[in-house]
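Each chain is listed here by its residues.
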Amino acid sequence: MKTLQILTLGCSKNTVDTEHILAQVEGLYEIVPEGEDRAVDCLLLNTCGFIGDAKEESIQAILQAAQRKKDGLVGRLMVFGCLSQRYPTELPDLIPEVDAWFGARELDPIVKALGATPDRELDAKRVLSGPHRGYAYLKISEGCDRRCSYCAIPYIRGAHRSVPMETLEAETRFLVSQGVKELVLIAQDTTFYGLDLYHKRCLGELLQRLSAIDGIEWIRIHYSYPADFPQDVLDQMASNPKVCKYLDIPLQHISDKLLDKMHRHVTSAWTRELIQKLRDQVPGVVLRTTMIVGHPGEGKKEFEELLEFVREARFERLGAFTYSEEEGTYGAENFKDSISEKTKKARLDALMELQSGISLECNQSRVGDVEKVMVDDFVDGVLVCRSRSESPEVDGEILVKYDAKAFDDVDPYSLIGEFITVKILSADMYDLAAELVEL
């Protein structure tokens, strides 16, 4: 049997694409796990092309794979994903060692190139990757109809396309059969779900239908757009015990001047009202957001306004990045990127220093709490866990030192993907330490 290895770069949406491809070709190849260094008959690279750093990482990965091919360690080299979708004519000339290039919008041509016939009966199946066993990402839609001035995703991934509810339900049942207990819903914009298929926003209904599937215990929402946020989603978060009181809602800025330049279609007042509504209607909600600093037009006044907003809102989780001009976007064509990289970095550092103090206080407020957590891994004698308040890969972790006596000699590896109950003992700005209360 020939060997196949897929290297996946970028976001969790790419991971889902890779897992669907593997399901279509399972049985035709021996799948070599990502990271295993051995010769393979075929190497498939799933690339990211969102921002400069991601593009550079993808190009370096392709060049390294091309060298492996020259060294006789790779038979056929194929590339797909956002980078090749974005530069379909330039890349083949630059890297002729690649045997085939594919975009990001359709997976069937890739499956055919691997020698399989796309089977719609397998659309709900995936070959799960990575060490985790208890959670999985569920991509509920593809593409985006928003046109934020800084973002190239709509040009790369195309228009918004929802996955039918029946398909998502079937995929969820399959994931449950693989031991999955937590779903992390992802899309370019989860709140837009359903508009193209059902002519209305259907995320609330989807939450209801997925939570009715036996075996699913937690459902988490990522990548929600603030404009016209659906009320029924708030209702589900507040009342449905399976829907985590956790929301990833990238806001990007708070200045009306910047929100207008970014084409976010919200105002500062709207944003503040939405955050207050979330806090009021979903008591105990954990909010994760993302901010951009150094966007064209951001002066000292606008940046100070952002800092003050973060002080007031006290987001439990906040990430940030500096503005980078992306070709093809409205911003690149209409705004001059005149803020120096030094100033951008200084603003980023100031924002993250502010947030680190807020995160520390939020984490320390949980000391003494008893919480249900999922075990994601066992590393160096420590169980790596998460509660409803932590999303995988992007948030901090709850670390539980394994003691054979306290755990009744239960094999710690057997706990991966399972729930245990712990008591929080201490906290820093990222992680928390805990002890076992109950298996």
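Please refer to the structure placed before this passage.
All values reported here derive from a predicted model rather than from experimental measurement. All residue numbers here refer to positions counted from 1 along the written sequence of the relevant chain. Note on the predicted model: pLDDT of at least 70 is required for a residue's local features to be given, and 80 or more for side-chain atom pairs to be given and counted; whole-chain, interface and lining totals, by contrast, use all residues. The basis for every side-chain value is the complete set of heavy atoms in the structure, and neither hydrogens nor water enter the calculation.

**Student:** Just give me the short version of the overall build of the chain, but keep the residues and values in it.
**Tutor:** For helices the rule is a DSSP run of H or I covering at least 4 residues; for strands it is a run of E covering at least 2, with both sets numbered from the N terminus onward. A count of helical and extended segments in the chain gives 15 helices and 18 strands. The size measure is the radius of gyration over C-alpha atoms, and the globule rule it meets is 2.2 Å times the number of residues to the 0.38 power. Here the C-alpha atoms of the chain give a radius of gyration of 22 Å, agreeing with the 22 Å that 2.2 N^0.38 yields for 439 residues. Taken along the three principal axes of its C-alpha coordinates, the chain extends 65 × 55 × 45 Å. Each residue is assigned to one of three classes by its accessible area relative to the maximum for its type, calculated with a 1.4 Å probe on protein chains only: buried under 20%, partly exposed between the two thresholds, exposed over 50%. When burial is assessed residue by residue, the chain has 53% of its 439 residues classed as buried. Pairs at least 24 residues apart make up 74% of the contacts formed inside the chain by residues separated by at least 6 positions. Surface accessibility in these figures is a Shrake-Rupley result with a 1.4 Å probe; residues are shielded only by whichever protein chains are displayed. For the chain, the accessible area works out to roughly 18900 Å², and carbon and sulfur atoms hold 51% of it. For the charge count, each Lys or Arg is scored as positive and each Asp or Glu as negative, with His and the chain ends excluded. The location of each charge is read from NZ of Lys, CZ of Arg, CG of Asp or CD of Glu. Here the chain contributes 52 positive and 74 negative side-chain charges, whose respective centroids are spaced 3 Å apart. Whether two residues are in contact is decided by their heavy atoms: any pair within 4.5 Å suffices.

**Student:** Lay out the side chain of Ser 12 with the relevant residues and their values.
**Tutor:** With respect to the helices, strands and loops of the structure, Ser 12 is situated in helix 1 (residues 12–25). Those residues within four positions of Ser 12 in sequence are excluded, and the remaining contacts are Tyr 137, Ile 186 and Tyr 223.

**Student:** I'd like to hear about helix 7 (residues 165–177), residue by residue, with values.
**Tutor:** How far a helix is expected to stretch is found by multiplying one less than its residue total by 1.5 Å. Taking 1.5 Å per residue as the helical rise, helix 7 with its 13 residues ought to reach 18 Å, and the 18 Å between its terminal C-alpha atoms agrees with that figure. Here helix 7 has its buried residues at Met 165, Leu 168, Glu 169, Glu 171, Thr 172, Phe 174 and Leu 175. Tucked inside the fold, the buried residues of helix 7 contact helix 1, strand 6 (135–139), strand 9 (182–186), helix 8 (195–198) and helix 9 (203–211).

**Student:** A description of the layout of surface pockets should follow, citing residues and the corresponding values.
**Tutor:** Lining residues are defined by having an atom within 4 Å of a point belonging to a cavity or pocket. Those points lie on a 1 Å grid over the protein atoms alone, cavities being sets where a 1.4 Å probe fits but cannot get out and pockets being open sets with protein on both sides within 12 Å along at least five of seven lines. Grid points are joined across faces, edges and corners, and a volume is the space filled by probe spheres set on the points. Considering only enclosed or pocket space, the largest pocket measures out at about 1300 Å³ in volume. Surrounding the largest pocket, 47 residues form its lining, Lys 13, Phe 50, Tyr 223, Thr 290 and Phe 321 being those nearest its centre. Elements that contribute at least two residues to the lining of the largest pocket include exactly helix 1, helix 2 (52–70), helix 6 (153–157), strand 12 (286–293) and strand 13 (317–322). By volume, the second largest pocket is sized at about 640 Å³. Considering the residues around the second largest pocket, the lining is formed by 23 residues, among which Asp 17, His 20, Leu 107, Asp 123 and Val 163 are closest to the centre. Secondary-structure elements contributing two or more residues to the lining of the second largest pocket are helix 1, helix 5 (108–113), strand 7 (141–142), strand 8 (161–162) and helix 7. With 5 residues, the single largest contributor to the lining of the second largest pocket is helix 1.

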